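# An overview of the molecular structure
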Amino acid sequence: FRNGEVSPRHSPEFMMLEWYQAGAAFEDLLQQMAELIETVAMAGTDTVTIHDRIIPLDNGVDRITVCDAFVRYSDVDLAAHLRDAPFDCGNLAERANTANIRTSDDDDWSDVFSKIMTGIEPMLGLEKPVLLTHYPAPEAALARLSDADPNVAERVEFYIGGVEIANGYAELVDADALEARLTASMDEMERRYGRRYALDPEFIEAVGRMPATVGCALGFDRLAMLVAGADTIHDVIWTPFPGCADGFQ
């Protein structure tokens, strides 16, 4: 905003609501996300309908790990991959190809992971809302790795009817680990696109002084769209504008 008005130089953005809690653990975050849907249901909307499928909001929230979702919805044994050849791109690509998921020679590990996830996401949250938890370490973003299994991160995404509505994690508050992760990300950007951005040492130092913290970003417009039974986000965003993307994007 500029002087109380939307700047004409920028298109209005979809609304994200974020919250953080210091001194909280990953399990606390999962409980908060489940309670969010319980609150929506208590407000009088106890179902959502998407593609003619009615999904109850007052019947609890399921949980499934990424590894279990891979086996259930893609026939790719991600757990075996993480155990036998963690983050070996050729190994994951071979498992994907065996499950009839096409990969390319120039795919990296995250590319293959994303191609498998493309077929999994539409299956999530069709019976009731579901929390998809414990993403593989390369997909950790800024989440801390699990103490029980460093091959996975304490990251969660929330799905209803195949639509992701929230993304959260136990925040990475180890400054050295954060710097290493951000450096690796810039190395990959330089490899792919020939450019990189300088790291912010003040940000890294500040994160290192944080207590254990969890955080979540909720796509409020997506949730509003589902609850209202709208066909597109364009119907519910608070600043609609010509050319707004249709569907769930």
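Residues numbered from 1 in each chain as written. Predicted model: local features only at pLDDT ≥ 70, side-chain atom pairs only at ≥ 80, totals over all residues. Heavy atoms only, no water.

### Here we look at the pairing of strand β2 (residues 47-50)
So the rule is basically this: The rule is simple: take the accessible area with a 1.4 Å probe, protein chains only, and divide by the maximum for that residue type; under 20% is buried, over 50% is exposed, in between is partly exposed. Starting at the N terminus, helices and strands are each numbered in turn, a helix being any DSSP run of H or I of at least four residues and a strand any DSSP run of E of at least two. For two strands to be treated as a pair, DSSP must find no fewer than two bridges joining them.
Only one face of β2 is buried: it carries Val 48 and Ile 50, and the other face, with Thr 47 and Thr 49, is open. Hairpin connection, β2 to strand β3 (residues 53-56): the antiparallel pair is bridged by two residues, and His 51 has positive phi, about 50°.

### Notes on the packing of helix α4 (residues 89-98) against helix α5 (residues 109-120)
Cut-off, in case you're wondering: Interaxial angle, 0 to 180 degrees, is taken between N-to-C directions of lines fitted to C-alpha atoms, where a helix line uses only the stretch in contact. Any angle between 65 and 115 degrees counts as roughly perpendicular, while under 35 counts as roughly parallel, over 145 as roughly antiparallel, and the rest as oblique. Handedness of a helix crossing follows the sense of rotation of the near helix relative to the far helix, less than a right angle counterclockwise being left-handed and clockwise being right-handed. Any pair of residues with heavy atoms lying within 4.5 Å of one another is described as a contacting pair. Each residue receives one of three labels: charged for Asp, Glu, Lys and Arg, nonpolar for Ala, Val, Leu, Ile, Met, Phe, Trp, Tyr, Cys and Pro, and polar for the others, Gly being one of them.
As a packed pair, α4 and α5 sit with axes 9 Å apart at the nearest point and diverge in direction by 20°. By the angle between their directions, the pair α4 and α5 is classed as roughly parallel. Viewed along their axes, α4 and α5 form a crossing whose handedness is left-handed. Only Trp 109, Val 112, Phe 113 and Ile 116 of α5 make contact with α4, whose side of the interface consists of Cys 89, Leu 92, Ala 93 and Ala 96. Residue composition of the contact of α4 with α5, grouped by class: eight nonpolar, no polar and no charged.

### Observations regarding the pattern of salt bridges
If charged atoms from side chains of opposite charge come close, those side chains can pair. Counted only if it meets this: A pair is scored as a salt bridge if a Lys or Arg side-chain nitrogen falls within 4 Å of a carboxyl oxygen belonging to Asp or Glu.
The final tally for this structure, using the stated rule, is 16 salt bridges. By sharing partners, the salt bridges in this structure join Asp 108, Asp 111, Glu 188, Arg 191 and Arg 192 into a single network.

### Describing the sheet that holds strand β7 (residues 163-170)
Pairing within the open sheet is mixed, and its six strands lie in the order β1-β8-β7-β6-β5-β4. The sheet is open, and its two borders are formed by β1 (16-22) and β4 (62-65), each paired with just one other strand. Recorded for the sheet is a direction-independent mean angle of 20° between the axes of neighbouring strands. Here strand β6 (residues 152-160) pairs with β7 via six bridges, running antiparallel. Paired with Tyr 159 across the two strands is Glu 164, which belongs to β7. In the packing of helix α1 (residues 26-42) onto the sheet, the strands contacted are β1, β4, β5 (130-136), β6, β7 and β8 (213-219), and the crossing angle to β6 comes to about 5°.

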